[in-house]
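Report on the structure
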Amino acid sequence: IQDVPPSLKVYRAPAIPLGWIAKLGALGISYTWLFVPDPFVGWIPPAVSAGRRIIEREEINLIYCTCPPASALLIGMRLKMEMGLPLVIDYRDLWTGNPHLRYPTGLHARFMRRLEERVLMVSDAVITVEEPSRVKLLRAFPFLSKTRSVHVIHNGFDPHDFVGVKPHPFQGFVILHAGTIYGPRLRHFEAFLKALREVIHERKLEDVRLVLVGRHPPSVERGLRRMARELGLQHVIHNLGYKPYRETLSLILGADILLLVPGASSVRTAKIYDYLASGKFILNISSPRSESANLIREAGAGVTVPPSPSKIRKALKEILGMRKTRVHIKAEVLAKYSRIQTTQQLSKVFNGVLSDYA
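What comes next concerns the included structure. (Residues numbered from 1 in each chain as written. Predicted model: local features only at pLDDT ≥ 70, side-chain atom pairs only at ≥ 80, totals over all residues. Heavy atoms only, no water.)

**What to know about the overall build of the protein**
Scanning the protein from N- to C-terminus turns up 14 helices and ten strands. Over its C-alpha atoms the protein spans a radius of gyration of 23 Å, differing by no more than 12% from the 21 Å that the globule rule assigns to 358 residues. Considering only C-alpha atoms, the protein reaches an extent of 70 × 55 × 40 Å along its principal axes. Relative to all contacts within the protein whose residues are 6 or more apart in sequence, the contacts with residues 24 or more apart total 73%. Looking at charge distribution, the protein has the averaged site of its 50 positive side-chain charges lying 5 Å from that of its 30 negative ones. (Helix = DSSP H or I, 4+ residues; strand = E, 2+ residues; numbered from the N terminus. Rg over C-alpha atoms; globule rule 2.2 N^0.38 Å. Contact = heavy atoms within 4.5 Å. Lys, Arg positive; Asp, Glu negative; His and termini not counted. Charge placed at Lys NZ, Arg CZ, Asp CG, Glu CD.)

**Let's talk about the packing of aromatic side chains**
For the structure shown, the criterion picks out four aromatic pairs. Between Tyr64 and Phe350, the ring centres sit 5.1 Å apart and the planes meet at 75 degrees, which makes this aromatic pair edge-to-face. Of this pair, Tyr64 sits in strand E1 (residues 63-67) while Phe350 sits in helix H14 (residues 339-357), placing them 286 residues apart in sequence. Relative to Phe143, the ring of Phe141 has its centre 6.3 Å away and its plane inclined at 75 degrees; by these criteria the two rings are edge-to-face. (Phe/Tyr/Trp six-rings, centres within 6.5 Å; stacked < 30°, edge-to-face > 60°.)

**Let's talk about a nonpolar patch on the surface**
On the surface, Ile1, Val4, Leu8 and Val10 cluster together to form a nonpolar patch covering roughly 410 Å² of accessible area. Note that Leu8 resides in the segment before helix H1 (19-22). (Patch = residues over 30% accessible without salt bridge, like charges linked within 9 Å, V, L, I, M, F, W, Y side chains within 5 Å. Areas by Shrake-Rupley, 256 points an atom, 1.4 Å probe, with all protein chains shown as cover. Salt bridge = Lys/Arg side-chain N within 4 Å of Asp/Glu carboxyl O.)

**Examining the pattern of salt bridges**
All told, the structure shown has 14 salt bridges when counted by the stated rule. Arg52 is paired through a salt bridge with Glu82; the nearest N and O atoms lie 2.7 Å apart. Taken together, the residues span a long stretch of sequence, with Arg52 in helix H2 (residues 44-57) and Glu82 in helix H3 (residues 70-83) at a distance of 30 residues. By relative accessible area, which is 26% here, Arg52 ends up partly exposed. A relative accessible area of 38% places Glu82 in the partly exposed class. The partner of Lys336 in a salt bridge is Glu298, and the shortest N-O contact between them spans 2.6 Å. With a gap of 38 residues between them, Lys336 in helix H13 (residues 331-336) and Glu298 in helix H11 (residues 291-299) connect regions that are remote in the sequence. The class of Glu298 is partly exposed, set by a relative accessible area of 27%. Via salt bridges that share partners, Arg52, Arg78 and Glu82 belong to a single interconnected network. (Buried < 20%, exposed > 50% of the residue type's maximum accessible area, 1.4 Å probe, protein only.)

**Quick look at the side chain of Glu116**
As for its position among the elements, Glu116 is in helix H4 (residues 106-122). The side chain of Glu116 is buried and forms no salt bridge, while Arg113, the nearest opposite charge, is found at 6.4 Å. At 2.7 Å, the side chain of Glu116 and the side chain of Tyr91 are in polar contact. Those residues in contact with Glu116, other than ones at most four positions away along the chain, are Tyr91, Trp95, Thr96, Leu137 and Phe141. (Polar contact = N/O pair within 3.5 Å; in protein donor to acceptor, adjacent residues only side chain to side chain.)

**As for the sheet that holds strand E5 (residues 173-178)**
Strand pairing within a sheet occurs via backbone hydrogen bonds; the two strands may be parallel or antiparallel. Strand order across the open sheet formed by six strands is E7-E6-E5-E8-E9-E10, with parallel pairing between neighbours. A strand with exactly one partner marks an edge of an open sheet, and here the two such strands are strand E7 (237-241) and strand E10 (302-305). Each strand of the sheet is rotated relative to its neighbour by a mean of 20 degrees, with strand direction disregarded. Alignment of strand E6 (residues 208-213) against E7, held across four bridges, turns out to be parallel. Considered in E7, the bridge of Leu212 is made with Asn239. (Pairing = 2+ DSSP bridges. Axes fitted to C-alpha atoms, helices over the stretch in contact; angles between N-to-C directions.)

**Quick notes on the side chain of Asp38**
One can find Asp38 in the loop between H1 and H2. For the buried Asp38, no salt bridge exists, and the shortest N-O distance to an oppositely charged side chain is 13 Å, to Arg78.

Now the structure itself:
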């Protein structure tokens, strides 16, 4: 919120309270049956009404919607159809193509897909954050390749965020993981912990610490405590919980190794760009053909190891034994992912759409 200029007007729309529906879960009825497209559906009518007033009152040229939540795309579609302004959709994560989403029935899945198709048909440009997401979207909705521009603008980092941030003064040799651990990340993380335990015991490394920064689901917190206890790593793992962004950057800068455990091989988790900007060594637990592995290779920022305890153990022996953690990030690669550059790309998309309406 500190990045929002004081001169920028921010309008807020309330939401119709639907929290009581979630209580149906006590009766064995999942709220996902009723919240279409998502739990933010109660925001749609007030937001459309507020958007209509804003467009009429202000000199608005373009509607820009990011997803998730999918409800935002329905708001943008309604405003586009009513007010006749160009609509740009920006997928931070795919909607129906998101592998982590599960719909209660096949009917729900088909209805959501139809909703997404309607939104895309009225859009003027579409943006994704990864090339695999773009390809997946074009396969799901072939008409886009003939009628719409689908762009890729990667998540990036803001160089200004690092100004004045000092490295945290850790004691010992620190491996740090920033972000939420969930889904397949937990399995890969367990493989890493098993390998780490073996290397620490074999090499008698008493100064190695694993620092976790982030908010995890309660089930994951319990799982992490269980794994630490079973593997005898209670003295090695330090779970700091959620920390403010700039404090997290300080912790990242103070670490010796940054641990990356992507949830999907086709997606670069957003924090990889802050990892790159820190100039620290990245240990990526993922497929060597994953998007994160490609970027780390391109930048010369570290190594990628498949999520196998034996392969991770082999890599950790070399890294921790030799303390080989010095990297030289390629400046030309880093510059491509600066928010200055990515915002210029976004500006070109907006200008291209607006020129078609001129």
